[in-house]
Amino acid sequence: MSTRTKQAIPAGTDVPRHIAIIMDGNGRWAKRRLMPRVAGHRKGVEALRGVIRACAERGVSHLTVFAFSSENWRRPQEEVTLLMELFMRALENEVARLHENGIRFRVIGDLTGFSERIQTLIRDAEALTRGNTRLTFTVAANYGGRWDIVQAMKKLMAAGLSPDEVDEAALAQKLSIADMPEPDLFIRTGGEQRISNFLLWQLAYTELYFTDALWPDFDPAALDEAIASYRTRERRFGRTSEQVRSAS
Ligand code: IPE
Ligand code: IPE
Ligand code: MG
């Protein structure tokens, strides 16, 4: 089997087409204010509203955010319950506004982990906004990058592919966000510099940006700083700097 890549090099753009964000630091934001952690999560929903709007205005076509990881079930039961309630309330209250603004809404992750009510709200929101094209806003909930690769592999095996037929393209087609360009820019707030099992496969060539800003404080100006940093990066995709410059 050849390991020489058959992948096309994506065209460079000034504005990232796809931004993926780990929205971290809600708990610490609240703690600093002597508030309960859930107050930070509530404030985090507000910050997200601003970032969605800013992405749409700047011409970003895909925004994918990590809202709840498959590991977050390990948190105290009370926090998990409050997060689920917040998620449900956001689904009930925000989807109409997303739709009015031409935004397509999607959820990726193992949805069977959620209540029937939440699953229904998700399906309805996805159906309502399916035809929107301005920005695709995807929430990763009960999501894990390893889970995603395993569920893709299971689909290939269920389809009866032989080992020879399994290649990167075949696997990539079965991943949760197969129909989207891979993220150009990854942002993690909250100071931690790790991926925490987010989009493992898709981040292979993404530009990584880490900021100490806590998620509730992350505003459109902070987003612009991240995009400005992205613009200074040279995306070589394995080539030399000279090759990149002569190709552009
Ligand atoms: C991110 O903020 C939100 C979720 C994981 C749901 P945290 O709750 O992880 O905030 P910190 O990291 O404790 O500050
Ligand atoms: C990652 O944040 C997941 C989300 C933001 C939803 P965590 O706060 O759970 O990550 P770790 O545990 O610090 O790696
Ligand atoms: Mg955290």
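Structure: see above.
Residues numbered from 1 in each chain as written. Chains lettered and ligands numbered in written order. Predicted model: local features only at pLDDT ≥ 70, side-chain atom pairs only at ≥ 80, totals over all residues. Heavy atoms only, no water.

Q: What am I meant to see in the site of ligand 1 here?
A: The environment of ligand 1 is made up of Met 23, Asp 24, Gly 25, Asn 26, Gly 27, Arg 28, Arg 37, His 41, Ala 67, Asn 72, Arg 75 and Leu 83. The contact in question runs from an oxygen atom of ligand 1 to an N or O atom on the backbone of Asn 26, over 3.2 Å. A distance of 2.9 Å separates an oxygen atom of ligand 1 from a polar atom in the backbone of Gly 27. Protein burial of ligand 1: of its 380 Å² of free accessible surface, 86% is covered by the chains. The set of elements that each furnish at least two residues to the shell around ligand 1 consists of α1 (26–32) and α2 (37–58). At three residues, the largest contribution of residues to the shell around ligand 1 is made by α1. For the shell around ligand 1, the per-class residue count stands at three nonpolar, five polar and four charged. (Near = heavy atom within 4 Å. Polar contact = N/O pair within 3.5 Å; in protein donor to acceptor, adjacent residues only side chain to side chain. Areas by Shrake-Rupley, 256 points an atom, 1.4 Å probe, with all protein chains shown as cover. Helix = DSSP H or I, 4+ residues; strand = E, 2+ residues; numbered from the N terminus. Nonpolar A, V, L, I, M, F, W, Y, C, P; charged D, E, K, R; others polar.)

Q: How do you make sense of helix α3 (residues 77–100) when you look at a structure like this?
A: Here α3 is 24 residues long and its end C-alpha atoms lie 35 Å apart, about the 34 Å a rise of 1.5 Å per residue gives. Taken as a whole, α3 has its buried residues at Glu 79, Val 80, Leu 83, Met 84, Leu 86, Phe 87, Ala 90, Leu 91, Glu 94, Val 95 and Leu 98. Its buried side turned inward, α3 meets α2, β2 (62–69), β3 (103–108), α4 (116–129) and β4 (135–143). (Expected span 1.5 Å × (residues − 1). Buried < 20%, exposed > 50% of the residue type's maximum accessible area, 1.4 Å probe, protein only. Contact = heavy atoms within 4.5 Å.)

Q: Can you walk me through the side chain of Arg 106 in this structure?
A: Counting through the fold element by element, Arg 106 comes out in strand β3. Not counting chain neighbours up to four residues away, the residues in contact with Arg 106 comprise Glu 126, Thr 136, Phe 137, Thr 138, Val 139, Ser 176, Asp 179 and Met 180.

Q: Can you help me understand the site of ligand 2 in this one?
A: Ile 22, Met 23, Asp 24, Phe 66, Ala 67, Phe 68, Asn 72, Arg 75, Arg 188, Arg 194 and Ser 196 make up every residue found near ligand 2. The side chain of Asn 72 places a nitrogen or oxygen atom 2.9 Å from an oxygen atom of ligand 2. Within the side chain of Ser 196, an N or O atom sits 2.6 Å from an oxygen atom of ligand 2. For ligand 2, the accessible surface in isolation is 390 Å², of which the surrounding protein chains cover 78%. Of the residues forming the shell around ligand 2, the biggest block, three residues, is contributed by β2. Classifying every residue of the shell around ligand 2 by side-chain character gives five nonpolar, two polar and four charged.

Q: Just checking my understanding: could you explain the pairing of β3 for this structure?
A: As a general feature of sheets, a regular strand has side chains that alternate between the two faces. Burial runs high along β3: five of the six residues are buried. In this structure, β3 lies alongside β4, joined through six bridges in parallel fashion. By the bridge assignment for β4, Arg 106 is matched with Thr 138. (Pairing = 2+ DSSP bridges.)

Q: Where do I start with the environment of Leu 161 in this structure?
A: By secondary structure assignment, the location of Leu 161 is in the loop between α5 (145–158) and α6 (168–172). Considering only alpha carbons, one finds Leu 161 and Thr 211, 50 residues apart in sequence, at a separation of 42 Å. The contacts of Leu 161, once residues within four sequence positions are left out, are Leu 156, Val 166 and Ala 170.

Q: Would you mind showing me how to read unusual backbone geometry here?
A: It is generally the case that most residues other than glycine have a negative phi and that most peptide bonds are trans. Unlike most non-glycine residues, Asn 142 shows phi in positive territory, near 50°. Within the fold, Asn 142 resides in strand β4. Notably, Asn 197 is not glycine yet its phi reads approximately 65°, a positive angle. Position of Asn 197 relative to the elements: it lies in the loop between β5 (185–188) and β6 (207–210).

Q: Is there a simple way to explain the pairing of strand β1 (residues 18–22) in this structure?
A: By the criterion of burial, β1 is predominantly enclosed, with five of the five residues buried. Of the two faces of β1, the one holding His 18, Ala 20 and Ile 22 and the one holding Ile 19 and Ile 21 are both buried throughout. As judged from the five bridges shared by β1 and β2, these two strands associate in the parallel manner. Paired with Ile 22 across the strands is Phe 66, a residue of β2. As defined by bridge partners, β1 adjoins β5 across four bridges and the pair is classed as parallel. Bridging across to β5, Ile 19 finds its partner in Leu 185.

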